[in-house]
Amino acid sequence: MKETAQILNTIQELLSSQKLAVLGTQDRGQPWGSLVAFVSTPDLKHLTFATPRSTRKYDYLAKDSRVSMVIDNRENLARDFHAAMAVTAIGQAAEIESQEAQALTELYLDKHPYLKNFLASPSCALVKIRVKKYSLVRRFQEVMEVYLE
């Protein structure tokens, strides 16, 4: 149990320190990656991002809500081969319902205040991922998994 708490603490620190992630979706078996600005809830159970409804990623997740999100701390330096870590979140995505939109909008804008106008656009959707599992990889070989459900 203590190890799980330590892993979750490491994941929380990584998610808090990074602003961008790669969202993984798929269409008819073809994977697709999209760079998104994200925020996590303090309990790590949800990740939230914004996207225009006219995008490929929105279309793909509307067809299949299963998604992944990869967040890492690489700096594109040689030391990354020893010090970088990445976490992959696996879960299901859905556009946020109006009753929870305000709290998640505030959380999102606390991290990304420069995206206020983008988020206010009527064509923009705020999407929440309910995370089922995190997989944390450090030093390219040390793999730890935490299931939230």
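Please refer to the structure higher up on the page.
Before going into details, it helps to say that this report is about the structure given with it.

Calculation rules
Residues numbered from 1 in each chain as written. Predicted model: local features only at pLDDT ≥ 70, side-chain atom pairs only at ≥ 80, totals over all residues. Heavy atoms only, no water. Patch = residues over 30% accessible without salt bridge, like charges linked within 9 Å, V, L, I, M, F, W, Y side chains within 5 Å. Areas by Shrake-Rupley, 256 points an atom, 1.4 Å probe, with all protein chains shown as cover. Salt bridge = Lys/Arg side-chain N within 4 Å of Asp/Glu carboxyl O. Helix = DSSP H or I, 4+ residues; strand = E, 2+ residues; numbered from the N terminus. Core = buried A, V, L, I, M, F, W, Y, C linked by side-chain atoms within 4.5 Å. Buried < 20%, exposed > 50% of the residue type's maximum accessible area, 1.4 Å probe, protein only. Contact = heavy atoms within 4.5 Å. Arc of directions from axis to C-beta.

Some points on a nonpolar patch on the surface
Part 1 of the reasoning: A cluster of nonpolar residues, L20, V22, L35 and V70, forms a patch on the protein surface that exposes about 330 Å² of accessible area.
Part 2 of the reasoning: Residue position: L35 is located in strand β2 (residues 30-40).

Concerning the nonpolar core
Part 1 of the reasoning: Core analysis: the biggest nonpolar cluster contains 28 residues, and L15, L47, M69, I129 and Y134 have the highest contact counts within it.
Part 2 of the reasoning: A per-element tally of this core places strand β6 (residues 124-138) first, with 6 residues.
Part 3 of the reasoning: Excluding its chain neighbours within four sequence positions, the residues that come into contact with Y134 are I11, L15, L44, L47, V87, T88, A89, M144, E145, V146 and L148.
Part 4 of the reasoning: In terms of nonpolar packing, the next biggest core, distinct from the first, is built from 10 residues, L104, Y108, L119 and C124 among them.

Describing helix α2 (residues 56-63)
Part 1 of the reasoning: By the burial criterion, the buried members of α2 are K57, Y58, Y60 and L61. Seen end-on, α2 carries its buried residues on one side only, within an arc spanning 165 degrees. Looking at α2, the residues exposed on the side facing more than 90 degrees away from the buried face are A62 and K63.

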